Amino acid sequence: MCLGQASRPSDAEIQDRLAQAVRLYAERAAETDGPLPAFPAGAPMTATEVMVTVTAMLRAVNLQVFELGMWQAWAGK
């Protein structure tokens, strides 16, 4: 779904919402014993949308995919 030009949030608003969502997700995932799906069942997310976002998030905190893999192995995630 593409938003109309008049209703599009600014880059700063998108960044703020994403930061808030990441913090909330991380807190809830830490409180949950099992896996916490990132999206509701049937959410229309494409692999490209996810890869673009995850790549930007990794760059923002100066992490490489290798480091993510190592953390997943160590943390059992």
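Residues numbered from 1 in each chain as written. Predicted model: local features only at pLDDT ≥ 70, side-chain atom pairs only at ≥ 80, totals over all residues. Heavy atoms only, no water.

Caption draft 1: Layout of the overall build of the protein. Counting its regular elements, the protein contains three helices and zero strands. Taken from N to C terminus, the helices and strands of the protein fall in the order α-α-α. Rg of the C-alpha trace for the protein: 15 Å, well past the compact-globule value of 11 Å for 77 residues, more than 25% over. Expressed as a percentage of its 77 residues, the buried residues of the protein come to 3%. Approximately 7000 Å² of the protein is accessible, and the part contributed by carbon and sulfur atoms is 61%. Separation between the mean location of the 6 positive side-chain charges and that of the 8 negative ones in the protein comes to 3 Å. (Helix = DSSP H or I, 4+ residues; strand = E, 2+ residues; numbered from the N terminus. Rg over C-alpha atoms; globule rule 2.2 N^0.38 Å. Buried < 20%, exposed > 50% of the residue type's maximum accessible area, 1.4 Å probe, protein only. Areas by Shrake-Rupley, 256 points an atom, 1.4 Å probe, with all protein chains shown as cover. Lys, Arg positive; Asp, Glu negative; His and termini not counted. Charge placed at Lys NZ, Arg CZ, Asp CG, Glu CD.)

Caption draft 2: Quick peek at a nonpolar patch on the surface. A cluster of nonpolar side chains, namely Leu-18, Val-22 and Met-57, defines an oily patch on the protein surface of about 200 Å² accessible area. Looking at Met-57, the relative accessible area reads 32%, which means it is partly exposed. (Patch = residues over 30% accessible without salt bridge, like charges linked within 9 Å, V, L, I, M, F, W, Y side chains within 5 Å. Salt bridge = Lys/Arg side-chain N within 4 Å of Asp/Glu carboxyl O.)

Caption draft 3: Seen up close, helix H2 (residues 47–60). The end-to-end C-alpha distance of H2 is 20 Å, a good match for the 20 Å that 14 residues give at a rise of 1.5 Å each. Asn-62 sits one or two residues past H2 and shows a positive phi near 55°. (Expected span 1.5 Å × (residues − 1).)

Caption draft 4: Region of interest: the environment of Val-65. Mapped onto the secondary structure, Val-65 falls in helix H3 (residues 65–75). As for Val-65 and Val-54, which are separated by eleven residues in sequence, their C-alpha atoms are 9.9 Å apart.

Caption draft 5: Fine view of the environment of Leu-36. Topologically, Leu-36 is positioned in the loop between helix H1 (11–31) and H2. Using a relative accessible area of 28% as the deciding quantity, one classes Leu-36 as partly exposed. The residues touching Leu-36, leaving out its near neighbours within four places in the chain, are Tyr-25, Arg-28 and Ala-29. (Contact = heavy atoms within 4.5 Å.)

Caption draft 6: Representation of the pattern of salt bridges in the model. Following the criterion strictly, the structure yields one salt bridge and no others. Between Glu-31 and Arg-28 there is a salt bridge, with its nearest N and O atoms 3.6 Å apart. With Glu-31 and Arg-28 both in helix H1 and three residues apart, the pair spans about one turn of that helix.

Caption draft 7: Geometry of unusual backbone geometry. In this structure, Asn-62 is a non-glycine residue whose phi angle is positive, near 55°. Counting through the fold element by element, Asn-62 comes out in the loop between H2 and H3.

Everything listed here is a matter of coordinates, which is why it stays silent on function.
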